[in-house]
Amino acid sequence: AGLDEDLTESANAIKKTITEIENEILQTKSKSSQDPLNFPVKLNDKIAALVFQVDSDFAPTHQSYDVFEHLKKLLDVQLARLETVLEDDVPGFNDLVADASVPAIVLDDPE
């Protein structure tokens, strides 16, 4: 594989992983108010629902704490994946770009 292919593969791998993480945290397919009926809710919606539940005049139930701990673990997995991408994959990609001496911004010839 040539350097251009290596850069493309590396960029695509980073994009794929970040998209997977995003899709675990957010329902990116929901665009209209009816879409939650067609697509499953994700972590952000579940956490928001829990916040609504515990934001009442009464103390949170033990079950609310259990749900929070479960959702926190699921979110922590995704945040750890993101941290790995940001600390390992992105610097590795940046090293590939630097080694290739690829310009950060490429302007088309105005002719």
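Residues numbered from 1 in each chain as written. Predicted model: local features only at pLDDT ≥ 70, side-chain atom pairs only at ≥ 80, totals over all residues. Heavy atoms only, no water.

## Details of the overall build of the protein
When helices and strands are counted, the protein shows three helices and zero strands. Walking the protein from its N terminus toward its C terminus, one meets helices and strands in the order α-α-α. Counting over 111 residues, the protein shows a buried share of 13%. Of the contacts formed within the protein by residues at least 6 apart in sequence, a portion of 56% connects residues at least 24 apart. (Helix = DSSP H or I, 4+ residues; strand = E, 2+ residues; numbered from the N terminus. Buried < 20%, exposed > 50% of the residue type's maximum accessible area, 1.4 Å probe, protein only. Contact = heavy atoms within 4.5 Å.)

## Some thoughts on the pattern of salt bridges
Counted according to the given criterion, the structure contains three salt bridges. The shortest N-O distance in the salt bridge between Glu20 and Lys16 comes to 2.7 Å. Within this pair, Glu20 and its partner Lys16 are both found in helix α1 (residues 3–25), separated by four residues, close to a single helical turn. Looking at Glu20, the relative accessible area reads 30%, which means it is partly exposed. The exposure class assigned to Lys16 is exposed, which follows from its relative accessible area of 53%. (Salt bridge = Lys/Arg side-chain N within 4 Å of Asp/Glu carboxyl O.)

## Brief notes about α1
The end-to-end C-alpha distance of α1, which contains 23 residues, comes to 33 Å, matching closely the 33 Å that a straight helix rising 1.5 Å per residue would cover. Taken together, the buried positions of α1 are Leu7, Ser10, Ile14, Ile21 and Ile25. Buried residues along α1 sit against α2 (43–54) and α3 (62–100). (Expected span 1.5 Å × (residues − 1).)

## Brief notes about the packing of α2 against α3
Two elements in contact, α2 and α3, have axes whose closest approach is 10 Å; the angle formed by their N-to-C orientations is 155°. The angle between the axes of α2 and α3 places the two elements in the roughly antiparallel class. Handedness of the crossing formed by α2 with α3: left-handed. Residues Leu43, Lys46, Ile47, Leu50, Gln53 and Val54 of α2 lie in contact with α3, whose contacting residues are Ser64, Val67, Phe68, Leu71, Leu74, Leu75 and Gln78. Of the residues contributing to the contact of α2 with α3, the split by class is nine nonpolar, three polar and one charged. (Axes fitted to C-alpha atoms, helices over the stretch in contact; angles between N-to-C directions. Parallel < 35°, antiparallel > 145°, perpendicular 65-115°, else oblique. Left-handed = near helix turned anticlockwise from the far one by under 90°. Nonpolar A, V, L, I, M, F, W, Y, C, P; charged D, E, K, R; others polar.)

## Quick look at the environment of Val97
Along the polypeptide, Val97 turns up in helix α3. C-alpha separation for the pair Val97 and Leu7, spaced 90 residues apart in sequence, amounts to 7.1 Å. Those residues in contact with Val97, other than ones at most four positions away along the chain, are Leu7 and Val102.

## Notes on the confidence of the model for the protein
Scored by pLDDT, the protein comes out at a mean of 86, with 87% of its residues at no less than 70. Element-level mean pLDDT values for the protein span from 90 in α2 up to 94 in α3. (pLDDT = per-residue confidence, 0-100.)

## Digging into the side chain of Lys42
If you trace the backbone, Lys42 turns up in the loop between α1 and α2. Buried charged residue Lys42 carries no salt bridge. Nearest counter-charge: Glu24, at 4.4 Å. Reaching out from Lys42, the side chain makes a polar contact with the backbone oxygen of Asn23 at a distance of 3.3 Å. For Lys42, the contacting residues outside a window of four places in its chain are Asn23, Glu24, Ile25, Leu26 and Gln27. (Lys, Arg positive; Asp, Glu negative; His and termini not counted. Polar contact = N/O pair within 3.5 Å; in protein donor to acceptor, adjacent residues only side chain to side chain.)

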